[in-house]
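What follows is the residue order along each chain.
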Amino acid sequence: MVPSLATAALLRRPLRTFLTALGIAIAVGSTVVFLSLGEGLRQAFSQELSGVGPDLQVSFGDLQTSSFAEIPELPIAYAADLLADAERYGIVDLIPVLLHVRSGLSPGTAIVFQGLPAEADVASIYVDFTIAEGRALDAGDPGAMVAVVGPQTAERLQVGVGGTLRLNPRASFEVVGIGSSAGGLLDNSVLVPLSSLQAAIGVEDRVSFFVVEIAEASKANEVADAIMADYPELGVQTRAELLEVIERGLAISDVVRLGISAIALIVGAIAVANTMLMSVFERTREFGVVRAVGARPRFLFGLVLLESVVLSLIGAAVGVALGFLGAWVVNLVSLDLIALEVAAVTPRLVAFAVAVAAGMGLLAGLLPAGRAARVPIAVALARE
Amino acid sequence: MLRGVLRAVDLGKTYRAPSGDVVALAGFEHAFSEGAITAVVGPSGSGKSTLLNLLAGFDVPTTGGVWLDDLVVHQRSEAERASVRLRRFGFVFQSFNLVTVLTARQNIELPLGLAGANAGERRRRADELLRRFGLSRRADHLPHRLSGGERQRVALARALANDPDVVFADEPTGSLDSVTGREVVAALRDVAGEGRTVVLVTHDEALSSIADVRLRLSDGRLVATDHVPTRRSAGGDRGAVREDAETLAPAVVSR
């Protein structure tokens, strides 16, 4: 009975119902796309960071400003100093990393080079990284102009094993291996021997940062404090701090994007409220009849609220589909521009969008439902 | 079998208006007979609709009250009055007032569903009423596909769904031709014959003559109560009712 009444109410003015649902779909769809940007970045970072074996990252000064600096600032000599006290600090392994971005004419042709000691075990930094084709860098490579290319970079630049990547007029790398997709930023990097990259860009004694593995991961904060006490000029960040910094940044951007989405959602909610109010007005007599034959006010209240929520959920279902489509388009563009999928429609995002739509339907339905419940029977029955 | 007694004591309704209070009904007193049709007659503006609204619990009186046996209807909350309407009252209106988006069967099942009957019970009771009113083949039709007479029979079936004690009929033949009007009158006699109180509100003197008791309203006051003593014996006899409706015997004025 209730489903019949609710369905009939929504189908009574199909065009109006369609347009309202479309409004909600667009509101929910845009929310999904906006929030998917954060989810995509969060996924990329968490995949990347979960692949970081070491517990600490040591940089010269503040990590955020130094890691991607044009000119690496961390003197490699600190590696020897820290390793000399390895036992005291509890350091198990220390790997210097040099990051260098070769900018292109467009963001799509930019290449991120990562210089690592050729003998270092890549898997100790990127646990998910495996070689799909060719070989990994090995101990015979120091100084050699060879490279292992992340899968997305390989695809974007159309290079395979045996191909050449040009860094600058003086230096080109021969591709000896293609990594397999582990997701994250490594997919978009080119791994080369550290000494080769240093020579190519002329910074023999400097790197971007050290990644450090310690014996007891739970003591990361103590070790970081100890190193910074000994070397105040160094910045040491634990993985937790790094995640926290990234998460805080993403959370701020979530709030901003949610704020923008809220405008669309509020407009959607007003459309639902308007539609439901019109519907209640048109059905005054019907509601009077239903009340006359014995329905309690709360029956009509619930009926109108149900219709409002159902209308919103129909809109949300279409909106989520639109969101998937929008995120796909965004990724198509972002892959082309920066070789990274920045949008991801995750289950929790879908759940959030559906919950928001249901909440929106409930809120938007309150006023019309209240009106429906208060319809005076005698007045409603007298109405033509 | 007699059921509940519907009583109105000093019943009155005054509407507040900027130009002054409007007395729609005042000092109405009557105990409605069980198993009989009581017609409320009077011209437009005499207070018939106000009386129906107060008796049925659609509205609350400003003076006096309504009792159904010992149940004080007018002092109940809106939800409790809804419950009384659902379980003890049935309604038939001039313009049928079927829910247009529900089929004949669904309209009949509506009060059953509101009363919490399960699907099986609803179906069984609806089938019974559809058969009784000759609507079995029209069960799945929406109201706009039914004739006026069929719609009013669906309305009657809906009114009887929860086996009410009192059936209110507000100008039940007003939208029907004379033949289907007589069918509805006959059906109302049957309803009264089952021991139910039938309150028939009409401005149609001819229709009111089928009643056992006739209450005449004028300017919001009860001005006459007419009794037709032989009428009750005809209850339940469809043939006799037809004859009543057609002969439209004059009522005896007792007041």
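Now for a look at the structure at hand.

Cut-off values and rules
Residues numbered from 1 in each chain as written. Chains lettered and ligands numbered in written order. Predicted model: local features only at pLDDT ≥ 70, side-chain atom pairs only at ≥ 80, totals over all residues. Helix = DSSP H or I, 4+ residues; strand = E, 2+ residues; numbered from the N terminus. Axes fitted to C-alpha atoms, helices over the stretch in contact; angles between N-to-C directions. Parallel < 35°, antiparallel > 145°, perpendicular 65-115°, else oblique. Left-handed = near helix turned anticlockwise from the far one by under 90°. Contact = placed C-beta atoms within 7 Å. Buried ≥ 20, exposed ≤ 12 C-beta atoms within 10 Å, placed from the backbone. Pairing = 2+ DSSP bridges. Core = buried A, V, L, I, M, F, W, Y, C linked by C-beta atoms within 7 Å.

1. Describing the environment of A:Ile95
Next up, step 1: When you line up the elements, A:Ile95 lands in strand β3 (residues 91-102).
Next up, step 2: Distance in space between the C-alpha atoms of A:Ile95 and A:Glu213 is 8.6 Å, their sequence separation being 118 residues.

2. Some details on the packing of helix α10 (residues 239-282) of chain A against helix α12 (residues 297-338) of chain A
Residue and element names in this part refer to chain A.
Next up, step 1: Between α10 and α12, whose axes approach to 10 Å, the crossing angle comes to 140°. One element, α10, and the other, α12, form an angle in the oblique class. Where α10 crosses over α12, the handedness of that crossing is right-handed. Facing Val272, Met276 and Val280 of α10, the residues of α12 in contact are Val304, Glu307, Ser308, Leu311 and Ser312.

3. Some words on the pairing of strand β9 (residues 213-218) of chain B
Residue and element names in this part refer to chain B.
Next up, step 1: The buried fraction of β9 is high, at five of six residues.
Next up, step 2: Bridge analysis of strand β3 (residues 37-41) against β9 gives four bridges, and the strand direction is parallel. Bridging across to β9, Val41 finds its partner in Arg216.
Next up, step 3: Sheet topology places β9 next to strand β10 (residues 221-227); six bridges connect them, and they run antiparallel. Of the residues in β10, the one forming a bridge with Arg216 is Ala224.
Next up, step 4: Linking two consecutive strands that pair antiparallel, namely β9 and β10, is a turn of two residues; a positive phi of about 50° is found at Asp219 within it.

4. Quick look at the nonpolar core
Next up, step 1: Ranked by internal contacts, the top residues of the largest apolar core, which has 128 residues, are B:Ala157, B:Leu188 and B:Leu200.
Next up, step 2: Take this core: its biggest share by element is twelve residues, from α12(A).
Next up, step 3: Once residues within four sequence positions are removed from consideration, B:Ala157 is found in contact with B:Ile108, B:Leu129, B:Leu130, B:Phe133 and B:Leu135.
Next up, step 4: Judged by nonpolar contacts, the second largest core, of 46 residues, contains A:Leu56, A:Val176, A:Leu191 and A:Val236.

5. Regarding the pairing of strand β1 (residues 56-60) of chain A
Residue and element names in this part refer to chain A.
Next up, step 1: Among the five residues of β1, five are classified as buried, and the element is accordingly described as predominantly covered.
Next up, step 2: Covered by surrounding structure in β1 are Leu56, Val58 and Phe60 together with Gln57 and Ser59, the residues of both alternating faces.
Next up, step 3: Here β1 pairs with strand β11 (residues 209-214) via three bridges, running antiparallel. Bridging across to β11, Gln57 finds its partner in Val211.
Next up, step 4: Bridge count for β1 against strand β12 (residues 234-238) is five bridges, and the pairing is antiparallel. Across the sheet, the residue bridging to Leu56 is Thr238, located in β12.

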